[in-house]
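Descriptive structure summary
This is what each chain is made of:
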There are 2 protein chains.
Amino acid sequence: MENERDNQAPKKAGGRRPGSGRKLGTGNYLEPTTVLRVPVSQKLVLIDFLEAYAKKQRAQSSRANLDGIGEFEQLPEALSKLDISLYQSKVAAGFPSPADDHVEKRLDPNEYLIDQEESTFFITIQGESMLEAGLLPGDKAVVDKSKTAEVGDIVLAMVDGEFTIKTLAKQKDGNPKLLPANSSGKYTPIIITGEMQFEIFGVVIGSFRRFK
Amino acid sequence: MENERDNQAPKKAGGRRPGSGRKLGTGNYLEPTTVLRVPVSQKLVLIDFLEAYAKKQRAQSSRANLDGIGEFEQLPEALSKLDISLYQSKVAAGFPSPADDHVEKRLDPNEYLIDQEESTFFITIQGESMLEAGLLPGDKAVVDKSKTAEVGDIVLAMVDGEFTIKTLAKQKDGNPKLLPANSSGKYTPIIITGEMQFEIFGVVIGSFRRFK
DNA sequence: ACATTTTTTATTGTTACAATAATCAAATGG
DNA sequence: CCATTTGATTATTGTAACAATAAAAAATGT
């Protein structure tokens, strides 16, 4: 091994490599790390937060490196399946980033709100008649035409040519009535009689809104 | 070493003490800990969180004030696309039949509710403190961590280790306060003082729920 | 009986380490 | 001469280990 020059050149690459080696700031966070002692119950919470933080850092840096470069990224599939991980935490123990027990479910608002896409549509709430059911003006009500309405359901009904959203109830005589959810007295129940045109168009199975 | 009785008693206290020693769960968090590697820039943030967590654990009994928070739900990956008819006519007053030539928009709840996936997660509302803002128990609040909170926004904040959802307001002295949206008097504003640990984690930009 | 000392064990911040990953230089091969 | 492979080198990263401290109970002293 000592006389490396007596015969043919070595078959293997060798020698010093000054200046080589992994570069600083090439880790997950693009910055140095340190260790921290944490309660075990919060470890996964914190890991989740750190993952989100790392993702954000990397996204920012890649955006910064983007200038001048054309994109060549390719979207996987046009209509991708919704796959939102949902981390459930029990109580208020948690972090900005979720995941307490790391009991992991997947929640997709679309899936959560919609059972059958083909029979579902949305309606923007206008009045305050269902205020106490949590339907405020501007809310989008999710209406499913395929659902069978039962007493107590919030339904989209047409009464004498007018659409309304109310809670379905029954009169003593068996005819339906439509109840507002507003105790102010400004809205009165709609009593359906035989002469009235009445049709239930669908059941309000959910709602959503934007605050900001 | 077995015959501890053979000669004179030792001058110093000695001998085995079975059952002695510090008890388990007597640390800051009342639970075991582990080490975690974190980016240095987040160390103080995490320490702040851990202090609040420890404080909360130690004061385990007192406040059941965490009304407003249920579980965290996060949505990391790709969101599904959806296009469903939105009838934006008025519901309470004369609504065109869905079979009509209705004005119709295509609306995707996911797109409507979420601006930035990577900074958004969901929380299940628990108390009734935000009832009059239309947030009922069981509703999913859409929280965006990347939004800057302004006075009047509904925010997810941590106060002394407890998460809460309230409306952000300001005191005369400039310090923040958190207002419930419930006039019943059961919920009182949270006045933030200098000694309190306070952090805003995100802005509630929307909500959604299922009725059925 | 009460206070003090001793022993024991958990906590806790930090350091150390080993396995991995990233990166460049040299070697190799066409 | 250029592209690819190999090897060396250094950062990253999860975990183990350590030492100093804290807490709790037994043993001892007064």
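Each remark here, short or long, concerns the structure printed above.
Residues numbered from 1 in each chain as written. Chains lettered and ligands numbered in written order. Predicted model: local features only at pLDDT ≥ 70, side-chain atom pairs only at ≥ 80, totals over all residues. Heavy atoms only, no water.

1. Some points on the overall build of chain A
Looking only at helices and strands, one finds 2 helices and 10 strands in chain A. Along its sequence from the N terminus, chain A presents helices and strands in the succession β-α-β-β-α-β-β-β-β-β-β-β. Within chain A, the fraction of its 212 residues that count as buried is 40%. Considering only residue pairs separated by 6 or more positions, chain A has 55% of its internal contacts joining residues 24 or more positions apart. A total of about 12400 Å² of accessible surface is found on chain A, and carbon and sulfur atoms cover 52% of it. (Helix = DSSP H or I, 4+ residues; strand = E, 2+ residues; numbered from the N terminus. Buried < 20%, exposed > 50% of the residue type's maximum accessible area, 1.4 Å probe, protein only. Contact = heavy atoms within 4.5 Å. Areas by Shrake-Rupley, 256 points an atom, 1.4 Å probe, with all protein chains shown as cover.)

2. Looking at the environment of A157(A)
Residues and elements named next belong to chain A. Mapped onto the secondary structure, A157 falls in strand β6 (residues 154-159). Since its relative accessible area comes to 0%, A157 is described here as buried. Sequence separation between A157 and L178 is 21 residues, and the spatial gap between their C-alpha atoms is 8.8 Å.

3. Some remarks on the pairing of β6(A)
Counted residue by residue, β6(A) has 6 buried out of 6 residues, so it is predominantly covered. Here β6(A) shows two buried faces, one formed by I154(A), L156(A) and M158(A) and the other by V155(A), A157(A) and V159(A).

4. Structural notes on the packing of aromatic side chains
In total, this model carries 4 aromatic pairs over all chains according to the counting rule given. Geometrically, the ring pair formed by F208(A) and Y112(B) is edge-to-face, given 5.5 Å between the ring centres and 75° between the ring planes. Placement of the pair is F208(A) in strand β10 (residues 198-210) and Y112(B) in helix α2 (residues 109-113), with the two residues belonging to separate chains. For Y112(B), a relative accessible area of 23% corresponds to the partly exposed category. Arranged with centres 5.2 Å apart and planes meeting at 85°, the rings of F122(B) and F208(B) form a pair that is edge-to-face. Of this pair, F122(B) sits in strand β5 (residues 120-124) while F208(B) sits in strand β11 (residues 198-210), and the two are 86 residues apart along the sequence. For the residue pair F122(B) and F208(B), the accessibility class agrees, reading buried in each case. Among the aromatic side chains, those forming a connected cluster through ring pairs are Y112(A), F122(B) and F208(B). (Phe/Tyr/Trp six-rings, centres within 6.5 Å; stacked < 30°, edge-to-face > 60°.)

5. Notes on helix α1 (residues 40-58) of chain B
Between the first and last C-alpha of α1(B) there are 27 Å, a value that for 19 residues agrees with the 27 Å anticipated at 1.5 Å per step. For α1(B), the set of buried residues is Q42(B), L46(B), F49(B), L50(B), A52(B), Y53(B), A54(B) and K56(B). (Expected span 1.5 Å × (residues − 1).)

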